[in-house]
Amino acid sequence: RLKTLIPYTTLFRSLLARCAPLLQHGSFATRLTLDRRADGRVVDAVVADTEPPPLVACLQAAALRLRLPAGTDELLTVQLHLNAPDLPTLAISVEGWPGPPSEVRSLWDDQLGSARACLPDDQRSQTDAVVMRLRVRRGDRAVRTETVSHTGLSAASLRCIEAAIGDRLLDAPAGADSLGRLRLRTRARSSRRSTAPAPRTMLGYALALSARVDGEDLGQTTLHVRPGAVPAMRLRASPVVATSGGTVEVELLRGPDFVGKLAERYRLVHADGRAVDTKRAPDSRTLRFVLPDDAAGWWTVQAHGATARVFVPGSDLLDVRLTADRPAYAPGDEATLTVRTTRDGKGLPAAVGLIGVDETMGQIATLPGPDALAALRPTVQSAGAAFGALEAAALGRGLIRGENAREAVILKVTGVPSPASLDRPVTAVGRAPFDPEGLLVGRFYRVLARHQADVRAWERSAPPAEQLTPARNAAFWSAALAAVEADGDPVTDAFDRRLRLHRLPGDLLDLTDPRAVATDGTRLPEDIENWTAWVFEEKP
């Protein structure tokens, strides 16, 4: 029996979206008959019309992939109405072919809809976007196509069009050898209305990256890299982070566009003008430079239009660390600051000046920020941070570990600092902000976690008749305070007051309500007593 399928119209949206691009213009209405099994599978589909063939074939193929709601084994009929979407269009022309061009062009009329779906939404009008060579041999029915040129199309769109506009068969064997040109012209869509996001493809490489420290996975991600061009000359330095008195090897890697001969002598230049020369051995592409004992800084070698850089960390780098005995202070508290100066991880005496400024002074004059030390660091010009996070300034402070990470950072460097820029005055500011709310919230949640764990344990072991009354819930909170304090964690607020329930803000107190803590509803009394009112009256 036939039956109109009205309630499931939304299931056919994917079918219409898949086949609508095959409709070049106007609209198309038809009736689709489906043979549905009881489990919802569509085992057969028939379109009432036979024209246009590509659209009818698409509708039938897409219908067979539908999964309808389960029901009885029956025939269903669906009325479909398609409008031509506002997409870029393709026009086809044939030249140089003996006989009427329309007869040959008609071979691909049915394929234009499929080829049209290959164009991106933002495709612009283009004359001769694709030019194909047509060839047929005498006595053969197959018309062979071969792309001669293309303009304004991505590689993915071109491959899609070539698959749609492929070899075709004549109605009868050709009477003679024939040669011609098939030209495809694109025309931009008539409007720029926003459309649903379409899948995008990227020609390149997808690299899986993961980080692990001491056997523990820190995370993983995917790095997408587009193909690059091989330059005429590349210089590969090893190691990129060298030591004073050590040896640096630079490998000369020629590309397919390299023209000429390799030089015999090369120079490695320091930022202050010093240089180390070397001579290339015959039939060798590796240069060896011996660094001096005082080689700290940036070294650069340039050859045949390519540049490679090597960084030598200084041995006189002074590390200054300022720490406070507490993360935050209340008004009137006494602060103890610890200043530690080290070099290569060992303590070193140094003269350090500390200046404390009240934050209210910022109302009179702008106070220096945490970047005040930036002027002390060498200004290294970089095209960008390696992997979006690693900067060359961090390399100089020894914060980047791993040979590959260091090499990636140095490849981004475009300019090294001059000696004059390294001698600069600096002003440092230490600041201890007072954030009572942040301190309270952090300590409250540690106690709340212990409170919730104690209640869960009680729910599992207590007699069924026991209930989580306000008094029992308050006792659990007091026990949680004592347990957290025994573990060495503070249980006071920013003003050194114990985190008793009646001192908590309303939003935090609500999180301790028996109805918020208990997971077993049978543990809650049927007679509900207002938790907030009870706390402020009893002050447990």
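So, here is what we can say about the structure in this document. (Residues numbered from 1 in each chain as written. Predicted model: local features only at pLDDT ≥ 70, side-chain atom pairs only at ≥ 80, totals over all residues. Heavy atoms only, no water.)

1. Overview of the sheet that holds strand E17 (residues 306–312)
Reasoning step 1: Read from one edge of the open sheet, 4 strands run E14-E13-E16-E17, paired in antiparallel fashion. Strands with a single pairing partner mark the edges of an open sheet, and in this sheet they are strand E14 (275–279) and E17. Each neighbouring strand pair of the sheet contributes to a mean axis angle of 20 degrees, computed without reference to strand direction.
Reasoning step 2: Relative to E14, strand E13 (residues 265–270) runs antiparallel, the two sharing 5 bridges. Bridge pairing in E14 places Leu268 opposite Val276. (Pairing = 2+ DSSP bridges. Helix = DSSP H or I, 4+ residues; strand = E, 2+ residues; numbered from the N terminus. Axes fitted to C-alpha atoms, helices over the stretch in contact; angles between N-to-C directions.)

2. Digging into the nonpolar core
Reasoning step 1: Ranked by size, the top nonpolar core spans 23 residues in total, and within it Leu235, Val250, Phe289, Leu291 and Trp299 carry the most contacts.
Reasoning step 2: Listing elements by their share of this core, those giving two or more residues are strand E11 (233–238), strand E12 (247–254), E13, strand E15 (286–290), strand E16 (297–303) and E17.
Reasoning step 3: With 4 residues, E17 is the single largest residue contributor to this core.
Reasoning step 4: Beyond its immediate chain neighbours, meaning those up to four positions away, Trp299 contacts Leu268, Val269, His270, Arg274, Ala275, Val276, Leu291, Pro292, Ala308, Arg309, Val310 and Val312. (Core = buried A, V, L, I, M, F, W, Y, C linked by side-chain atoms within 4.5 Å. Buried < 20%, exposed > 50% of the residue type's maximum accessible area, 1.4 Å probe, protein only. Contact = heavy atoms within 4.5 Å.)

3. Side note on the packing of aromatic side chains
Each aromatic ring pair is specified by the distance between its two centres and by the angle formed by the two planes.
Reasoning step 1: The full count for this structure, using the stated rule, is 5 aromatic pairs.
Reasoning step 2: Where Phe444 meets Tyr445, the ring centres are 5.3 Å apart and the plane angle is 75 degrees; that geometry is what we call edge-to-face.
Reasoning step 3: The exposure class assigned to Phe444 is buried, which follows from its relative accessible area of 0%.
Reasoning step 4: Among the aromatic side chains, those forming a connected cluster through ring pairs are Phe444, Tyr445 and Trp477. (Phe/Tyr/Trp six-rings, centres within 6.5 Å; stacked < 30°, edge-to-face > 60°.)

Any functional reading would require information beyond the geometric quantities listed.
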